[in-house]
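An overview of the molecular structure
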Amino acid sequence: MTAEEAVERIVGALAEVAGLRPATPSLPMGREGMAVDLSPEVVQVRLIATRLPIPPLLDRAARAVRPVLAGTEWENARLRLVVTDLDGAAFG
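Model, not experiment: these values are computed from the prediction.

The subject of this paragraph is helix α2 (residues 54-69). Along its 16 residues, α2 runs 23 Å from first to last C-alpha, staying within 8% of the 22 Å computed at 1.5 Å per residue. All buried positions along α2 are accounted for by L57, A61, V65, V68 and L69. The buried residues of α2 occupy one face: seen down the axis, they fall within an arc of 100°. Opposite the buried face of α2, by more than 90 degrees, sit the exposed residues P55, R63 and P67. Looking at the buried positions of α2, the neighbouring elements they touch are α1 (3-14), β1 (20-22), β3 (42-49) and β4 (78-86). In the segment just after α2, G71 is the residue with positive phi, at about 80°.

Okay, the pairing of β3 next. Along β3, eight of the eight residues are buried, which leaves the element largely enclosed by surrounding structure. Both faces of β3 are covered, namely the face carrying V42, Q44, R46 and I48 and the face carrying V43, V45, L47 and A49. For β1 and β3, the ladder comprises three bridges, and the chain directions are antiparallel. Directly across from L20, in β3, lies its bridge partner A49. As defined by bridge partners, strand β2 (residues 36-38) adjoins β3 across three bridges and the pair is classed as antiparallel. Paired with V36 across the bridge in β3 is V45. In this structure, β3 lies alongside β4, joined through eight bridges in parallel fashion. When the sheet's bridge partners are listed, A49 is paired in β4 with L86. Where the polypeptide runs from β3 across α2 and back to β4, its parallel neighbour, the crossover connection is right-handed.

With twelve residues, α1 should cover 16 Å at 1.5 Å per step; its first-to-last C-alpha distance of 16 Å lies within 8% of that length. Every buried residue belonging to α1 is among A6, V7, I10, V11, A13 and L14, and all of these are buried. For α1, the angular spread of the buried residues around the axis is 160°, confining them to a single face. Along α1, exposed side chains directed more than 90 degrees from the buried face belong to E4 and E8.

Rules and cut-offs
- Residues numbered from 1 in each chain as written.
- Predicted model: local features only at pLDDT ≥ 70, side-chain atom pairs only at ≥ 80, totals over all residues.
- Heavy atoms only, no water.
- Helix = DSSP H or I, 4+ residues; strand = E, 2+ residues; numbered from the N terminus.
- Expected span 1.5 Å × (residues − 1).
- Buried < 20%, exposed > 50% of the residue type's maximum accessible area, 1.4 Å probe, protein only.
- Arc of directions from axis to C-beta.
- Contact = heavy atoms within 4.5 Å.
- Pairing = 2+ DSSP bridges.
- Right-handed = clockwise from strand over helix to strand, strands pointing away.

Right, here's the structure in full:
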């Protein structure tokens, strides 16, 4: 699997986790992959939380992403999920 394919699959897996979305700069749609950094040591995903509480959301996100990495060169990398912002909807 290429890095681009892995990023695409990670973003797809995270789409199934209600309450989190990839943190992207203010760019046109389709840039969700910019929230993912891959290295052999660390897979980092920057997220925006749209719900609270955050810890259970991160647990679900980790369970969604880990299978995507299985069998790839990133399989043994540490998974770092970073919430960079809270959407105002989280307080509604």
